[in-house]
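Summary of structural features
What follows is each chain in one-letter form.
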Amino acid sequence: MAIQGPIPINFEQVFPHGCYIVGEVEQVKDFDASTSGRTVYAKDKTTGELIWQVAVMDADPALKAGQKTVAVKILAPVQPVPPPSLPGLPFTPVEFDGMSVTPYVSQAGRLAWSIRATAMRAPRSAATPAKAATGKEVAA
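What you are looking at is a predicted structure, and each value in this text was computed from that prediction instead of being measured. (Residues numbered from 1 in each chain as written. Predicted model: local features only at pLDDT ≥ 70, side-chain atom pairs only at ≥ 80, totals over all residues. Heavy atoms only, no water.)

1. Observations regarding the overall build of the protein
The condition that has to hold: Numbering of helices and strands runs from the N terminus, with a helix taken as a DSSP run of H or I at least four residues long and a strand as a DSSP run of E at least two residues long. Relative accessibility thresholds used throughout: buried, under 20% of the residue-type maximum; exposed, over 50%; partly exposed, between the two (1.4 Å probe, protein chains only). Here, residues are in contact when the closest pair of their heavy atoms is within 4.5 Å.
Regarding its fold elements, the protein presents two helices and nine strands. Reading the protein from its N terminus to its C terminus gives the helix and strand order β-α-β-β-β-β-β-β-β-β-α. A total of 140 residues make up the protein; the buried ones form 30% of that total. Contacts in the protein between residues far apart in sequence, at least 24 positions, make up 62% of those at least 6 positions apart.

2. What to know about the confidence of the model for the protein
Stated precisely, the cut-off is as follows: The quantity known as pLDDT measures the predictor's confidence residue by residue, on a range of 0 to 100.
Chain-level pLDDT for the protein is 88 on average; 88% of the residues reach the 70-or-more range. Below pLDDT 50 for its whole length, residues 127-140 participates in ten contacts with residues either more than four positions away or in separate chains.

3. A short note on the pattern of salt bridges
Short version of the rule: In what follows, salt bridge is the name for a side-chain nitrogen of Lys or Arg lying within 4 Å of a carboxyl oxygen of Asp or Glu.
Taken as a whole, this structure holds three salt bridges when the rule is applied. With a shortest N-O distance of 2.8 Å, arginine 121 and glutamate 95 are connected by a salt bridge. Taken as a pair, arginine 121 in strand 9 (residues 119-121) and glutamate 95 in strand 6 (residues 92-97) lie far apart in primary sequence, 26 residues in all. Glutamate 95 gets classed as buried once you look at its relative accessible area, which sits at 10%. Aspartate 97 is the partner of arginine 121 in a salt bridge, and the nearest nitrogen-oxygen pair spans 2.9 Å. Of this pair, arginine 121 sits in strand 9 while aspartate 97 sits in strand 6, and the two are 24 residues apart along the sequence.

4. Brief notes about the environment of glutamine 79
The criterion, for reference: For this analysis, a polar contact is any N or O atom pair within 3.5 Å, provided that within protein one partner can donate a hydrogen and the other can accept it, and provided that sequence-adjacent residues contribute only side-chain to side-chain pairs.
Structurally, glutamine 79 can be placed in the loop between strand 5 (69-75) and strand 6. Residue glutamine 79 is classed as partly exposed on the basis of its relative accessible area, which comes to 43%. Not counting residues up to four positions away in its chain, the partners in contact with glutamine 79 are Val25 and Trp52. Only 3.0 Å separates the side chain of glutamine 79 from the backbone oxygen of valine 25, close enough to count as a polar contact.

5. Comments concerning the nonpolar core
Inclusion rule: To define a nonpolar core, start from buried Ala, Val, Leu, Ile, Met, Phe, Trp, Tyr and Cys residues and group those joined through side-chain atoms within 4.5 Å.
Phe15, Val54, Val56, Val72, Ile74, Phe96 and Met99 are the most contacted members of the largest nonpolar core, which totals 20 residues. Going through the elements one at a time, helix 1 (11-14), strand 2 (19-21), strand 4 (51-58), strand 5, strand 6 and strand 8 (111-117) are the ones with two or more residues in this core. With three residues, strand 4 is the single largest residue contributor to this core.

6. Some remarks on the pairing of strand 4
How we decide: One bridge is not enough; two strands pair if DSSP finds at least two bridges between them.
Sheet topology note: the strand 2/strand 4 ladder contains three bridges and is antiparallel. Paired with isoleucine 21 across the bridge in strand 4 is valine 56. As defined by bridge partners, strand 3 (residues 26-27) adjoins strand 4 across two bridges and the pair is classed as antiparallel. Bridge pairing in strand 4 links glutamine 27 to tryptophan 52. Bridge count between strand 4 and strand 5: seven bridges; the pairing is antiparallel. The partner of tryptophan 52 across the bridge, within strand 5, is isoleucine 74.

As structure tokens, this is what we get:
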């Protein structure tokens, strides 16, 4: 098979309705390498970059409550800084660049996706939803 490793994908394909930060940006721990007295942080096996994680809420209104919050892992040498919050909104809108997904089988035996990015930023246009701007909708 020609596909090996993470599959490159656009933000609009993963979050056609946009997404919002609902957690803190945290460094991912390497539980296999860590010991009780020493914490080791995870690095990407291909790039060697540190791995950070942030919880986001998918704005797709058709999703069930249990499917709305997902983790996005960000590969970066330093902790990524979320975009500034917007007045009047309870959550901060965000977009990701350099995205890829990796399929895996969850502990429940279902297909799941690990979502990675290389950067996060404020949305380019809050007035135009990503779906309308691209005219594309891709099932995840």
